[in-house]
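Coordinate analysis (summary)
Letter by letter, the chains look like this.
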Amino acid sequence: AQRVTQPEKLLSVFKGAPVELKCNYSYSGSPELFWYVQYSRQRLQLLLRHISRESIKGFTADLNKGETSFHLKKPFAQEEDSAMYYCALKGGGAQKLVFGQGTRLTINP
Amino acid sequence: GAGVSQSPSNKVTEKGKDVELRCDPISGHTALYWYRQSLGQGLEFLIYFQGNSAPDKSGLPSDRFSAERTGGSVSTLTIQRTQQEDSAVYLCASSLNLGSGNTIYFGEGSWLTVV
């Protein structure tokens, strides 16, 4: 079965501090991992995907197959990073995304 | 429009009534998805379409839920005999094609409240 776990429902850090949003997954094969973000009053949108190995808005995420994790990191948080973040997995031939329950990130000034 | 469009944006209905939720995907997108987001829950997969076909209906919670897509474009999610537990945000998404490398774009959702 495919499962995504985001252990923190809420995360609060100060502006300028490092941020790490945790994501662990359960899947026996080689998954595709994604981070989606939903800013206040906006639609859910893709932040980054592991196959692109890119940095978006200063965020990066590395797939660690040994630890089955895909944690999202940013070295210096900004107030505009406050949002709901969802980790998602797509496995094998399945076309659906399986989402974690999300982490609400609040950046305090 | 430039994005996935959903209607109605908000719907309040009485328990036992039927509701229809509409999704207009991005033009040219062959894949279309429905998800549900309940209060305090993550996003729950309901169904996806490739063209007009729905290869995976495994996420539909009961036989009160059905969905169709016509002309490879607009999709309708129908909930019959609504129950209070059906109250949620119903999200539609689309992608150019299925498979790796295809970004899935979401609509703003339809808020359904069953009273």
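In this report, the structure presented in the accompanying data block is examined. Remember, predicted model here, so these are calculated numbers, not experimental data.

Each strand in a sheet pairs with another by means of backbone hydrogen bonds, the pair being arranged parallel or else antiparallel. Residues and elements named next belong to chain A. The 3 strands lie next to each other as β3-β8-β7, forming an open sheet whose pairing is antiparallel. This sheet does not close on itself; its edge strands, each paired only once, are β3 (19-21) and β7 (60-61). Bridge count between β3 and strand β8 (residues 72-74): 3 bridges; the pairing is antiparallel. Bridging from a neighbouring strand, Leu-21 pairs with Leu-72 of β8.

What follows concerns the interface of chain B and chain A. Opposite the 23 residues of chain B that make contact, chain A presents 17 residues. Carbon and sulfur atoms supply 48% of the area that chain B and chain A bury against each other, a total of about 1,700 Å² over both sides. Taken as a group, Leu-43, Ile-104 and Phe-106 of chain B account for 29% of the area that chain B buries against chain A, more than any other trio of residues on that side. Counting across the interface, chain B meets chain A through 1 salt bridge. For Arg-43 of chain A, the salt bridge is made with Glu-108 of chain B, and the minimal N-O distance between the two is 3.7 Å. Linking chain B with chain A are 6 residue pairs in polar contact (both at pLDDT 80 or more), by the criterion used here.

Below, the discussion takes up the state of the cysteines. Considering all chains together, one arrives at 2 disulfides over all chains under this definition. Here Cys-23 of chain A pairs with Cys-87 of chain A through a disulfide, and the sulfurs are 2.0 Å apart. Its S-S torsion of approximately -65° makes the covalent link between Cys-23 of chain A and Cys-87 of chain A left-handed. Linking Cys-23 of chain A in the loop between β3 and β4 (24-26) with Cys-87 of chain A in strand β9 (residues 83-91), this pair joins segments that are 64 residues apart in sequence. For Cys-23 of chain A, a relative accessible area of 0% corresponds to the buried category. Paired by a disulfide, Cys-23 of chain B and Cys-92 of chain B hold their sulfur atoms 1.9 Å apart. Because the sign of the S-S torsion sets the handedness, a value of about -70° for the bond joining Cys-23 of chain B and Cys-92 of chain B places this disulfide among the left-handed ones. Of the two residues, Cys-23 of chain B sits in strand β3 (residues 19-24) while Cys-92 of chain B sits in strand β9 (residues 88-95), which places them 69 residues apart along the sequence.

Rules and cut-offs
Residues numbered from 1 in each chain as written. Chains lettered and ligands numbered in written order. Predicted model: local features only at pLDDT ≥ 70, side-chain atom pairs only at ≥ 80, totals over all residues. Heavy atoms only, no water. Pairing = 2+ DSSP bridges. Helix = DSSP H or I, 4+ residues; strand = E, 2+ residues; numbered from the N terminus. Contact = heavy atoms within 4.5 Å. Buried area = accessible area lost by both parts, 1.4 Å probe. Salt bridge = Lys/Arg side-chain N within 4 Å of Asp/Glu carboxyl O. Polar contact = N/O pair within 3.5 Å; in protein donor to acceptor, adjacent residues only side chain to side chain. Disulfide = S-S within 2.5 Å. Buried < 20%, exposed > 50% of the residue type's maximum accessible area, 1.4 Å probe, protein only.

Spatial relationships are all this shows, so hold off on functional conclusions.
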